[in-house]
Amino acid sequence: MYEYLVAYKFNAEGYLTSCEGTMTVFNIKKIKSSKDLEDLKKFVEKNINVEGASNISIYNLILLGRNKH
């Protein structure tokens, strides 16, 4: 499993400016293509804990290492 730190931005109702967040993601394969990034974005959209979040974008992706999970 590859461990990534993902930083993202999004808009939400009730906030004047864009919001930011980070999460740790474990992936079976290394992220190498735009399809892999699109799948990661969909994962972030499903697991973000903000109601009414929209315009979610990933702006930084750091490979932290490989874990044996």
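Everything numeric in this text was worked out from a predicted model, so none of it was measured.

Q: Can you explain the overall build of the protein chain? Please cite residues and give values.
A: When helices and strands are counted, the protein chain shows one helix and three strands. Ordered by position in the sequence, the α and β elements of the protein chain form the string β-β-α-β. A total of 69 residues make up the protein chain; the buried ones form 26% of that total. Within the protein chain, contacts between residues separated by at least 24 positions form 61% of all contacts whose residues are at least 6 apart in sequence. In the structure as shown, the protein chain presents an accessible area of about 5200 Å², 49% of it carried by carbon and sulfur atoms. Each charge class in the protein chain can be summarised by its mean position, and for the 10 positive and 8 negative side chains these summaries are 12 Å apart.

Q: Can you explain the packing of aromatic side chains? Please cite residues and give values.
A: Within this structure, the stated rule accounts for one aromatic pair. Sitting over the ring of Tyr-59, Lys-9 keeps its end group 5.1 Å from the ring centre.

Q: Tell me what's going on with the nonpolar core, and back it up with residues and numbers.
A: Counting residues in each nonpolar core, the largest one holds 14 residues, and the members touching the most others are Val-6, Tyr-8, Phe-10, Met-23 and Val-44. Counting residues per element, this core draws most heavily on strand β1 (residues 2-11), which supplies five residues. Discounting chain neighbours no more than four positions away, the residues touching Val-6 are Gly-21, Thr-22, Met-23, Val-25, Leu-40, Val-44, Ile-58, Asn-60 and Leu-61.

The rules behind the values
- All residue numbers refer to position in the chain's written sequence, counted from 1.
- For this predicted model, a pLDDT threshold of at least 70 governs which residues receive local features, and a threshold of 80 or more governs which side-chain atom pairs are given and counted, while totals over whole chains, interfaces and linings are taken from all residues.
- Think of the side-chain values as coming from all heavy atoms in the structure, minus any hydrogens and water.
- The way it works is that DSSP assigns letters per residue, a run of H or I at least four long becomes a helix, a run of E at least two long becomes a strand, and they are numbered from the N terminus.
- Three labels apply to residues, based on accessible area from a 1.4 Å probe with only protein chains included: buried if under 20% of the type maximum, exposed if over 50%, partly exposed otherwise in between.
- The contact rule is simple, with two residues in contact once any of their heavy atoms fall within 4.5 Å.
- Using a 1.4 Å probe, the Shrake-Rupley method yields the accessible areas, and only the shown protein chains count as cover for residues.
- His is not counted, nor are the chain ends; Lys and Arg add positive charge and Asp and Glu add negative charge.
- Charge positions come from single atoms, namely NZ of Lys, CZ of Arg, CG of Asp or CD of Glu.
- Each Phe, Tyr or Trp ring, with Trp reduced to its six-membered ring, pairs with another whose centre is within 6.5 Å; inter-plane angles below 30 degrees give stacked pairs, above 60 give edge-to-face pairs, and intermediate values give tilted ones.
- The criterion for a charge sitting over a ring is simple: Lys NZ or Arg CZ within 6 Å of the ring centre, and within 35 degrees of the ring normal.
- We define a nonpolar core as any set of buried Ala, Val, Leu, Ile, Met, Phe, Trp, Tyr and Cys residues linked to one another through side-chain atoms lying within 4.5 Å.

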